[in-house]
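What the coordinates show
Here are the chains, one letter per residue:
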Amino acid sequence: MMHHLGKVALPVYFWLFVTWLFLPLFVMAAMGFRDSNFVAFPIQSWTTDWYQSVLDDREILASLWVSLQVAVLSTILGLGIGTPMAFMVARFHGVWRAILITIIVMPAFIPIVVSAIALRMFIGNFGIQTGLVAIAFGHAVSSVPFVVVMLLTRLNSMSPNLADAARDLGADEFIIFFRVVLPYLSPALFGAFMFCMLLSFEDFTRSFFLGSFDPTFPVLLFARLRFGFDPGLAAISTLVLVATIALGIYAERFTRKRTAPAKQGRLAASGDDKNV
Amino acid sequence: MTAFFIWARRFAAYRSLTELLARSSLARLAIISALPLAWIVLANIAPLVQMFVISFYQSYPLAAGTAPEFTIRHYFAFFERPLYLSAFARSFIFATLVTALTLLVMFPVAYYIAKVAPRIRRVRLLLLVIAPFWISEIIRSFAWMLMLSNRGAVNSFLSSVGYSGPPFELLYNNISLTIGVLYLTSLYMLLPLYSALEKIDDRLLEAAADLGATSFRRFTRIILPLARDGIVTGCTLVFLLVVGLYAMPVLLGGPSNTLFASTIGQIFGRAGDSWPLGSAFSMILIFAALAYVGVFMAVLQKQPGRRS
């Protein structure tokens, strides 16, 4: 029985699930081509006008620009803080490490609404206004835990022999850091970079509570959807969706390709690797 | 870049710094830790502590030069209005049901990718399923609005195959909200389940089959116990995510089924000094959610499958 289940039912179920995942996205892409002011099916006549007109919508373009700025700023913050944090955690062991990691990943377990509002009240102490910087700060708070975990995984696989060898050859601590450790981390760093960008770009809740009058793209879309929708919104959503998925897939493939050969190099370098 | 550091060695200060770092691991630790520790305190701990304190204030922001007065009336306010209590209860019931549903839907998917699909295709299949999760929650809500509205894809498909009654009311109710939230949570369940299932040694299952264990028995005695950690992690992540959802219930849910996170958001959106009230409610949400998850974990740890 299990045999049949595995051979037939499970693949069918899996592809049904995939259909369920992608069907709404294709429906949305198709809706962007509808030649009417109203959103409805079936689509009788098709047009590319919506796709062209949203590119003239200044409000949407402005919101995309805000989103991009926020993403870059929060990624710089997230990597700038997360990288040394991963090094810090790597130096602790046993219980202390567990405690440290618990505190670091805490933001991932606090309901997003609560943490966004807590941050909003907190930045008021320092006179920081809601807006671009505040949103970037909020996104960095949520991305740092992931950066630390991603870098730590890579860092754990690094042999201490590498740094020792460099030291024996006369490198000082700074040279070791920039020429040995950072290059070794680079695939994980790139993965973390893309993760930060995507997380920031797709976030709504933090941007909503920490933002002011210049909305990020998801916040603008949210505001418009509450007053009804037209095919234009479907068109711009589709464009953003395609860009996001393309970037995500590129990042995934890039990270995987870069990590694979490094593993072999690690084997050769350490010789006592138990994880492989 | 190396040239820069070698050039810097002309300076005594640089030389003594690098020597100190090479000699003392404490110095290395100090240099590395300063920024991260400051961040942990300022970004992870201080905002929540401040919120906790504000939840006991009479009013906030304070008028200039006045000392805060403390009260616990905001916590009592939670029990006084049935509106708040029912939103809270609805949130927890909804999150529990969605978590269970996500587990049921995703377990076969994770099992298929981890155990049944050919090994070389696994990464590709995983990528296929992960891809939609890079998209914003709002865009995904919108896509489901187009599917489920009265003149949306589902209803127009039904009428094109001969159904002629009034359109099904699929949007702005619990159906649309559940479907949309499931769309959001499935990845958070899939990844922990996948990594737990992938680790199960196939030889265990073969050995059990050789010894005459039925497929049902193999499932309950081997697969489920070994997947337990993945199940617990996935359920925890999904539950905490759903309890904190703000936008999707507003877009896809009906006006009559507000969730507690929306209540909190609305309180902070109100004019006047409602921040202490909102802070108190936030604290209630955090502690209740963590306690609930904690109890759930404790119960699962005690299951008979744990015995060795």
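Keep in mind it's a predicted model, so treat the numbers as computed, not measured.

Cut-off values and rules
- Residues numbered from 1 in each chain as written.
- Chains lettered and ligands numbered in written order.
- Predicted model: local features only at pLDDT ≥ 70, side-chain atom pairs only at ≥ 80, totals over all residues.
- Heavy atoms only, no water.
- Helix = DSSP H or I, 4+ residues; strand = E, 2+ residues; numbered from the N terminus.
- Buried < 20%, exposed > 50% of the residue type's maximum accessible area, 1.4 Å probe, protein only.
- Areas by Shrake-Rupley, 256 points an atom, 1.4 Å probe, with all protein chains shown as cover.
- Rg over C-alpha atoms; globule rule 2.2 N^0.38 Å.
- Contact = heavy atoms within 4.5 Å.
- Lys, Arg positive; Asp, Glu negative; His and termini not counted.
- Charge placed at Lys NZ, Arg CZ, Asp CG, Glu CD.
- Buried area = accessible area lost by both parts, 1.4 Å probe.
- Salt bridge = Lys/Arg side-chain N within 4 Å of Asp/Glu carboxyl O.
- Polar contact = N/O pair within 3.5 Å; in protein donor to acceptor, adjacent residues only side chain to side chain.
- Nonpolar A, V, L, I, M, F, W, Y, C, P; charged D, E, K, R; others polar.
- UniProt positions renumbered as here; feature names shortened; annotations may be inferred.
- Phe/Tyr/Trp six-rings, centres within 6.5 Å; stacked < 30°, edge-to-face > 60°.
- Lys NZ or Arg CZ within 6 Å of the ring centre and 35° of its normal.

1. Re the overall build of chain A
Check the secondary structure of chain A and you find eleven helices and zero strands. Out of the 276 residues belonging to chain A, those deemed buried represent 50%. Accessible area of chain A: about 13,300 Å², with a carbon and sulfur share of 68%.

2. Some thoughts on the overall build of chain B
What chain B contains, in helices and strands, is 15 helices and zero strands. For 308 residues, the compact-globule estimate of 2.2 N^0.38 gives 19 Å, and chain B exceeds it by more than 25% at 27 Å. Along the longest, intermediate and shortest principal axes, the C-alpha atoms of chain B span 85 × 65 × 45 Å. Here chain B holds 308 residues, and the buried ones make up 51% of them. Long-range pairs, those at least 24 residues apart, make up 68% of the contacts in chain B with a sequence separation of at least 6. Of note, chain B has its 25 positive side-chain charges centred 6 Å away from the centre of its 12 negative side-chain charges.

3. Looking at the side chain of Ser-136 of chain B
Among the structural elements, Ser-136 of chain B can be located in the loop between α6 (122-130) and α7 (137-148). Beyond its immediate stretch of four places on either side in the chain, Ser-136 of chain B contacts Glu-202 and Pro-218 of chain A.

4. Details of the side chain of Ser-262 of chain B
Residues and elements named next belong to chain B. Checked against the element boundaries, Ser-262 lands in helix α14 (residues 260-269). Overall, Ser-262 belongs to the buried group, its relative accessible area being 4%. Excluding its chain neighbours within four sequence positions, the residues that come into contact with Ser-262 are Tyr-246, Pro-249 and Val-250.

5. Some points on the interface of chain B and chain A
For interface size, the figure often reported is the accessible area lost on association. Each side of the interface is counted separately: chain B has 92 residues, and chain A has 87 residues. Taking both partners together, chain B and chain A bury about 8,000 Å²; carbon and sulfur atoms supply 81% of that area. Taken as a group, Trp-39, Trp-134 and Phe-142 of chain B account for 10% of the area that chain B buries against chain A, more than any other trio of residues on that side. Taken together, the connections running from chain B to chain A amount to zero salt bridges. At the boundary of chain B with chain A, the tally comes to seven residue pairs in polar contact (both at pLDDT 80 or more). The element contributing the most residues to the side of chain B that touches chain A is helix α3 (residues 25-54) of chain B, with 20 residues. Here the residues of the side of chain B that touches chain A sort into 69 nonpolar, 16 polar and seven charged.

6. A word on the UniProt feature "domain: ABC transmembrane type-1" (unreviewed entry) in chain A
The positions that UniProt labels "domain: ABC transmembrane type-1" (unreviewed entry) are, in the present scheme, residues 64-251 of chain A. Structurally, residues 64-251 of chain A is divided into 81% helix and 0% strand, and its ends, taken at the C-alpha atoms, are 21 Å apart.

7. Comments concerning the UniProt feature "transmembrane region" (unreviewed entry) in chain B
Residues and elements named next belong to chain B. The sites that UniProt annotates as "transmembrane region" (unreviewed entry) are residues 29-53, 92-113, 125-150, 170-191, 226-248 and 280-300. Between the C-alpha atoms that bound residues 92-113 there is a distance of 31 Å. The span itself is 100% helix and 0% strand. Here residues 280-300 runs as 100% helix and 0% strand, with 30 Å between its end C-alpha atoms.

8. So, the packing of aromatic side chains
For the structure shown, the criterion picks out 39 aromatic pairs over all chains. Taking the centre distance of 5.1 Å and the plane angle of 65 degrees together, the rings of Phe-209 of chain A and Tyr-246 of chain B count as edge-to-face. Of this pair, Phe-209 of chain A sits in helix α9 (residues 205-210) while Tyr-246 of chain B sits in the loop between α12 (228-243) and α13 (247-252), which puts the two residues in different chains. Here Phe-209 of chain A and Tyr-246 of chain B have matching classes, each one buried. Ring centres 6.2 Å apart and planes at 55 degrees place the aromatic pair Phe-268 of chain B and Trp-275 of chain B in the tilted group. Across this residue pair, the class does not change: Phe-268 of chain B and Trp-275 of chain B are buried. An aromatic cluster is present here, built from Phe-78, Phe-79, Tyr-84, Phe-88, Phe-92, Phe-239, Phe-260, Phe-281 and Tyr-292 of chain B joined pairwise through their rings. We note Arg-154 of chain A situated over the ring of Tyr-184 of chain A; from NZ or CZ to the ring centre the distance is 4.2 Å. Over the ring of Tyr-84 of chain B we find Arg-81 of chain B, and its NZ or CZ is 5.0 Å from the ring centre.

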